[in-house]
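What the coordinates show
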Amino acid sequence: MSRQLAEILLERGLVDEEQLLAALDAQVATRSPLGPALVASGALTEEQLVGALAEQAGMAYVDLDTAVLDPAVVALVPGPVCRRHGVLPIGTDDGVLQIAMSDPGNVLALDDLRALTGRQVRPVVASRRALESALDRWVRADSEIADLSQSMQEAQAASGEVAEVGDVLDADTPVVRWVNLLVTQAIADRASDVHVEPAETELRVRYRIDGVLKEQQPAPKAMQAAVLSRIKVMSDIDIAERRKPQDGRMSVVHQGQKIDLRVASLPTVWGEKIVMRVLDNSTARLDLRDLSFSERSFEVYDRAYRKPYGMILVTGPTGSGKSTTLYATVNAVSKPEINVITVEDPVEYRLPGINQVQVNPKAGLTFAGALRSILRSDPDVVLLGEIRDHETAQIAVEAALTGHLVLSTLHTNDAASAVTRLVEMGIEPFLVGSALDAVVAQRLARRLCRKCAEPYEPSPADLRSAGFTWPDPGRPVELFRPVGCPACSGTGYRGRLALHEVMEVSEPIERHAVARSSAQEIAATAHAEGMVSLREDGWQKVCEGRTSLEELLRVVV
C-alpha cells in the first residue's frame, strides 16, 4: 500500500524522491504510516494526502473549501445527522446522492442515509479538517433558531401568556434550546462576541466575527424576557435586578471542548442588552511568533521581555489584541523557577502555573490595592490588566524600578504617546524614562482569505491618496483584494493578524521623557532609530498579500 501511494505521489508531482526517502526513514523510526509521516514533515498537506489516498482506493475526492454546494441538496439530510456521522450531502448524479465523508468505510452511516433519504448514496472522500469547516458553514443552526422563534411566538399567541424575567424554565423548553443553539452557532462561526439587543419590535442578535458585527436571525419581542432570564440564570447573574449593569460567566461544551463565556448585562430603554464574550483559551496559549511580528519589531520586543526587570506597555483601543500579546509574553517568560502573578479585571483566561488575582472593588480590592499586596508575595513577573489611574501607575513604575518585570496595557493611539500619558498621570518624568523598556502599539486587521483573494494593480493615484508609495518603482504594483467564497462565508476575509509598532526606550527617548517632550518629538526620534510605524507595518503586510489596503485604512489612521 505504501509503495502504491508513493508511486501516486511521485506521478502527481506532490513530493520529490528526497522528501519521500526522508518520510520513509521517519516511517521506519516511528512505525507510522507513510501518509501521516509526509504530512508531519511538511512535504504534503492533509488535503493532498487525502486526494492521493482517494485515488489509491479508486474513489472520487472533493475539496470542500472551494466546492459550491446547493443548499437544497444539503437540506436533504438533517443537520444533527450530518454532524453525528461526519457527512455532508454535496450533490446528486442520476438520482444518486453524493455524500462527502472523511471515513468512506463507515457503512453504518451510509445505511442510515439510505434509509433516511430513500435514495442510493455514493461516498466521496474529503479531508477531516475541510469537512468540519464545511459543516460549520452549511449545517447551521439558523433555520432551527428561526423555527423555534416561530413556534414560541405561535404558542404564546395561542395561550395569551407572556414569560416574565425570573420564570423557571425546564431544560427541554424551546427557549433553552434557542439559547443553546445561539451560543453553539456563534462558536462555530468563530465569533468573539454575541450581542443580544432588545429593540422596539424584536430581539436583535449580532455576532462579532473578525472584528466586524454581523446581523443574525432576530427573535420575536415576546421571547425577550424568557431569553434574557435563561442567559442570566446560566451566567449566575441576579435575574431580579434589571436596573443596573451586571457581570457573570458561563461555560458550555462545544464539540467536546469546554468554552468559557464572559457575560455582561446593560439596562437600555427597551430592556437589558446582553453581550457574551467567547473566551477561546487557545489564544491564551499562543506563541509570540504566531502574532505576526515583523523581524525588526520582534527583535526589539524579544530583548525587552527577556530583561529581568523593567516595564513593557501594550497600547491600543479595546479589541486590538492587547491581552493576547500579554498572555503570549507571559507564556514565553513563565518557568517553574519564576513566580508570575497577574492582576486582572476580569480574569479572562485561566493559565496553568500562573497566580491570577481578580480585582473586586466592592470588597475594596482595587488594581492599586491588589498590586501593592502582590508585591509582598515575592513576584518575579507582574501582569497588570490595565493602568487606569495615578496610584496604579505609580506602584507599577516603582515595581519595575525595584527588580520586577511589569507587563501592562494603556489606552493610547501610538507607542510614543504612552510616555506622555504616564507623565500626564502624574508620574515623575525621570522615573518614566528609567522604568519603561518598550512600548508596543497594535491593531488587528482582517486577514485575506487564501482561497479567493485576487491580485489587482492599483492606480498610482489611489496609492498616493492613501499615502503609500510602491517600494520597487521598476516592478508593477500588485496587491490583493477580497472576493468572497464559501470558505470565508462570502466576506473575503478569514481570521485576523496584528499590526505592530514597537518602540524601544533608548537613552535619547529617556531624555525626551525627562524634558517632557511631545509625543510627536518622541515618535520622530524613535523613527530615526529604526522604529516601524503602524502604517508602515500594515503596508508591508498589504504588499505581502496578507491583508487588503482597504482593511489597513479601516484600522489605522
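An unreviewed UniProt entry lists the protein under the name Bacterial type II secretion system protein E domain-containing protein, with Cellulomonas pakistanensis given as the organism.

Now for the overall build of the protein. Summing up its helical and strand segments, the protein has 23 helices and 19 strands in all. Looking at the protein as a whole, 50% of its 557 residues are labelled buried. Sequence separation of at least 24 residues holds for 64% of the intrachain contacts in the protein that already meet a minimum separation of 6. Carbon together with sulfur atoms contributes 50% to the accessible area of the protein, which is approximately 26700 Å² in total.

A few words on the pairing of strand β5 (residues 202-209). Regular strands place side chains that alternate from one sheet face to the opposite one. Pairing geometry for strand β4 (residues 191-198) and β5, over 7 bridges, is antiparallel. Within β5, the residue paired with Asp193 across the bridge is Arg208. Remark: 3 residues form the turn of the hairpin made by β4 and β5, two consecutive strands paired antiparallel. Relative to strand β7 (residues 219-220), β5 runs antiparallel, the two sharing 2 bridges. Pairing of Glu202 across the sheet is with Pro220, part of β7. In this structure, β5 lies alongside strand β6 (residues 212-215), joined through 4 bridges in antiparallel fashion. The residue of β6 that forms the bridge with Arg206 is Glu215. Hairpin remark: β5 followed by β6, antiparallel, with 2 residues in the connecting loop; positive phi at Asp210, about 55°.

Summarizing the sequence annotation, UniProt attributes the feature "domain: Bacterial type II secretion system protein E" (unreviewed entry) to residues 375-389 in the numbering used throughout. Secondary structure content for residues 375-389 is 0% helix and 27% strand, and the end C-alpha separation is 18 Å.

This next bit is on the pattern of salt bridges. A side chain with one charge may pair with a side chain of the opposite charge, provided their charged atoms come close. This structure, assessed with the given rule, holds 25 salt bridges. Note that Asp210 and Arg190 form a salt bridge whose closest N and O atoms lie 3.2 Å from each other. You can see Asp210 sitting in the loop between β5 and β6 and its partner Arg190 sitting in the loop between α10 (174-188) and β4, a full 20 residues away along the chain. Exposure remark for Arg190: the relative accessible area of 34% places this residue in the partly exposed category.

This paragraph deals with the nonpolar core. If you look at the biggest cluster of nonpolar residues, it comprises 59 residues, and the most contacted ones within it are Met311, Leu313, Ile387, Met503 and Leu549. The element best represented in this core is helix α16 (residues 390-401), accounting for 6 residues. Setting aside anything within four residues of it in sequence, one finds Leu549 in contact with Tyr456, Leu463, Ala466, Phe468, Leu479, Trp539 and Val542.

This part covers the sheet that holds strand β3 (residues 121-125). If you trace the 3 strands from one edge of the open sheet to the other, you get β1-β2-β3, paired in mixed fashion. The sheet is open, and its two borders are formed by β1 (87-93) and β3, each paired with just one other strand. Going across the sheet, the axis of each strand differs from the next one's by a mean of 30°, ignoring polarity. On top of the sheet, helix α8 (residues 128-138) reaches β1 and β2 (96-101); it is set at about 80° to β1, its chief contact.

Bringing the environment of Leu131 into the picture now. For Leu131, the location among the structural elements is in helix α8. Among the residues examined, Leu131 registers a relative accessible area of 3% and is labelled buried. When the C-alpha atoms of Leu131 and Arg83 are compared, they prove to be 9.9 Å apart, with 48 residues separating the residues in sequence. Leave out the neighbours within four places in its chain, and Leu131 touches Leu64, Gly86, Val87, Leu88, Ala100, Met101 and Ser102.

It is worth spelling out the packing of helix α20 (residues 507-514) against helix α21 (residues 519-528) at this point. Interaxial distance between α20 and α21 falls to 10 Å at its minimum, and their mutual angle equals 175°. With respect to α21, the element α20 is oriented roughly antiparallel. Counted together, Pro508, Ile509 and His512 of α20 and Glu521, Ile522, Thr525 and Ala526 of α21 form the full contact between these two elements. Classifying every residue of the contact of α20 with α21 by side-chain character gives 4 nonpolar, 2 polar and 1 charged.

In this structure, Leu444 sits in strand β16 (residues 436-448). Remark: the alpha-carbon pair of Leu444 and Gly211, spanning 233 residues in sequence, is separated by 8.0 Å. When sequence neighbours within four positions are dropped, the list of residues in contact with Leu444 reads Gly319, Ser320, Gly321, Arg496, Leu497, Ala498 and Val555.

Looking now at helix α7 (residues 107-117). Burial in α7 covers these residues: Ala109, Leu110, Leu113 and Thr117. Down the axis of α7, the buried side of the element spans an arc of 100°, and every buried residue falls inside it. Counted as exposed and oriented over 90 degrees from the buried face of α7: Val107, Leu108 and Ala115. Buried residues along α7 sit in contact with α6 (79-85), β1, β2 and β3. Once α7 ends, the next one or two residues include Gly118, with phi positive near 70°.

Moving on, we get to the pairing of β2. Among the 6 residues in β2, 5 count as buried, and that is most of the element. In terms of strand pairing, β1 meets β2 through 6 bridges, oriented antiparallel. When the bridges of β2 are listed, Thr92 appears paired with Leu97. Two strands pair when backbone bridges link them, and β2 and β3 are joined in this way by 5 bridges, in the parallel orientation. Across the sheet, Leu97 pairs through a bridge with Val121, a residue of β3. Regarding topology, α7 serves as the crossover connection from β2 to the parallel β3, and that connection is right-handed.

Looking now at the packing of aromatic side chains. A full pass over the atoms with the stated rule returns 3 aromatic pairs. With centroids separated by 6.1 Å and ring planes inclined at 65°, the aromatic side chains of Phe293 and Phe298 adopt a geometry described as edge-to-face. Aromatic side chains Phe293 and Tyr301 sit 5.5 Å apart centroid to centroid with 15° between the ring planes, which places their arrangement in the stacked category. As far as burial versus exposure is concerned, Phe293 and Tyr301 are alike and both buried.

The rules behind these values
Residues numbered from 1 in each chain as written. Predicted model: local features only at pLDDT ≥ 70, side-chain atom pairs only at ≥ 80, totals over all residues. Heavy atoms only, no water. Helix = DSSP H or I, 4+ residues; strand = E, 2+ residues; numbered from the N terminus. Buried < 20%, exposed > 50% of the residue type's maximum accessible area, 1.4 Å probe, protein only. Contact = heavy atoms within 4.5 Å. Areas by Shrake-Rupley, 256 points an atom, 1.4 Å probe, with all protein chains shown as cover. Pairing = 2+ DSSP bridges. UniProt positions renumbered as here; feature names shortened; annotations may be inferred. Salt bridge = Lys/Arg side-chain N within 4 Å of Asp/Glu carboxyl O. Core = buried A, V, L, I, M, F, W, Y, C linked by side-chain atoms within 4.5 Å. Axes fitted to C-alpha atoms, helices over the stretch in contact; angles between N-to-C directions. Parallel < 35°, antiparallel > 145°, perpendicular 65-115°, else oblique. Nonpolar A, V, L, I, M, F, W, Y, C, P; charged D, E, K, R; others polar. Arc of directions from axis to C-beta. Right-handed = clockwise from strand over helix to strand, strands pointing away. Phe/Tyr/Trp six-rings, centres within 6.5 Å; stacked < 30°, edge-to-face > 60°.

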